[in-house]
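Listed below, chain by chain, are the residues.
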Amino acid sequence: AQSVTQPDIHITVSEGASLELRCNYSYGATPYLFWYVQSPGQGLQLLLKYFSGDTLVQGIKGFEAEFKRSQSSFNLRKPSVHWSDAAEYFCAVGAINSNSGYALNFGKGTSLLVTP
Amino acid sequence: EAGVAQSPRYKIIEKRQSVAFWCNPISGHATLYWYQQILGQGPKLLIQFQNNGVVDDSQLPKDRFSAERLKGVDSTLKIQPAKLEDSAVYLCASQPTLGRSYEQYFGPGTRLTVT
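The text that follows walks through the structure, step by step, so that each part is easy to find. The shown structure was predicted, so the numbers you read here are calculated from the model rather than taken from an experiment.

The rules behind the values
Sequence order as written defines the numbering, with residues in each chain counted from 1. Going through the entries in the order they are written, you letter the chains from A and number the ligands from 1. Given that the model is predicted, a residue must reach a pLDDT of at least 70 before its local features are reported, and side-chain atom pairs must reach 80 or more before they are shown or counted; all residues, however, enter totals for whole chains, interfaces and linings. Where side-chain values are given, they derive from all heavy atoms of the structure, hydrogens and water being excluded. Contact criterion: two residues are considered in contact whenever any of their non-hydrogen atoms come within 4.5 Å of each other. Note on definitions: buried area is the accessible-area loss of two parts on being combined, 1.4 Å probe, summed for both. Any carboxyl oxygen of Asp or Glu that lies within 4 Å of a side-chain nitrogen of Lys or Arg is treated as forming a salt bridge with it. In the analysis that follows, any N or O atom pair within 3.5 Å is treated as a polar contact, provided that within protein one partner can donate a hydrogen and the other can accept it, and provided that, for residues neighboring in sequence, both atoms belong to side chains. Segments assigned H or I by DSSP are reported as helices when at least four residues long, segments assigned E as strands when at least two residues long, and all are numbered from the N terminus. Lys, Arg, Asp and Glu make up the charged group, whereas Ala, Val, Leu, Ile, Met, Phe, Trp, Tyr, Cys and Pro make up the nonpolar group; the residues left over, Gly among them, are polar. We call Phe, Tyr and Trp rings a pair once their centres come within 6.5 Å, taking the six-membered ring for Trp, and we label the pair stacked below 30 degrees between planes, edge-to-face above 60, and tilted otherwise. Throughout, exposure labels follow a simple rule: accessible area from a 1.4 Å probe, protein chains only, divided by the maximum for the residue type, with under 20% read as buried, over 50% as exposed, and the rest as partly exposed.

**Brief notes about the interface of chain A and chain B**
With 26 residues of chain A at the interface, the matching set in chain B holds 23 residues. Here chain A packs against chain B, burying approximately 1,900 Å² in sum over the two surfaces, 52% of which is carbon and sulfur. Here chain A is connected to chain B by zero salt bridges. The interface formed by chain A and chain B holds three residue pairs in polar contact (both at pLDDT 80 or more) in total. Taken together, the elements giving at least two residues each to the side of chain A that touches chain B come down to strand 5 (32-38), strand 6 (44-50), strand 10 (87-96) and strand 11 (102-106) of chain A. A per-class count over the side of chain A that touches chain B returns 13 nonpolar, 11 polar and two charged.

Given below as structure tokens:
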């Protein structure tokens, strides 16, 4: 079964420090991988996605992620965190489900707190 | 381009009552999803539509949940009767059509509290 694990429930970083959020996936074929961000009271916004090709993917708001097939990982990074980055971050894998449908399987999320 | 619209944004009901949520996807998007997001967890798919047909409803608790997408545009999700464990945010998402290559666009969600 396709699944995503985000090992860190909460992460606290200082403003200006670098950030790495971990994501591990389980998927039999080549995965389609996504990172979404959710601010309080808001819907999910796509940060970046990986379908194929270059394993280092650039996204919006200065985020990037690296796909590592050997480690089944798709970690999200940002070199310098801003206070406005405080939010919930979700990793997801796009999976074919029954009846040839397609949906996203999400991890449980990582809550990011940014301190002054 | 207008995003995915959902209403109401918040709803508080007592257990055993019924409730309905509405979603208007991005214009022209054929595929529509309803996800349930329980506090502290990631969204979980409830049902997926392609136009006005159901593609996957295997995770929808059909004894109490129902959903429809008449005319292949707007969609409603209903819970009857509600249970305490239905307290969650219900997210609607749409994408241009079926397939893995397309981005899903999410609405702001409806936060349901069942007391």
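**Regarding the packing of aromatic side chains**
Residues and elements named next belong to chain A. Per the counting criterion, the structure on display carries 16 aromatic pairs over all chains. Ring centres of Y50 and F74 lie 6.4 Å apart, and the angle between their planes is 45°; on these two criteria the pair is classed as tilted. Residue Y50 is located in strand 6, and its partner F74 is located in strand 9 (residues 73-78); the two are separated by 24 residues in the primary sequence. For Y50, a relative accessible area of 5% gives the class buried. The class for F74 is buried, based on a relative accessible area of 0%.

**Some details on the environment of S27 of chain B**
Residue and element names in this part refer to chain B. The residue S27 is located in the loop between strand 3 (19-24) and strand 4 (31-37) in this model. Judged by relative accessible area, which is 71%, S27 ranks as exposed. Between the alpha carbons of S27 and P43 there is a distance of 23 Å; along the sequence they are 16 residues apart.

**With respect to the environment of L98 of chain B**
Residues and elements named next belong to chain B. With respect to the element layout, L98 can be found in the loop between strand 9 (88-95) and strand 10 (105-106). Residue L98 is classed as partly exposed on the basis of its relative accessible area of 30%. Each C-alpha atom of the pair L98 and T113 lies 32 Å from the other, and the pair is 15 residues apart in sequence. Non-local contacts of L98, meaning those with residues more than four positions away in its chain, are made with T31, Q48, Q50 and V55.

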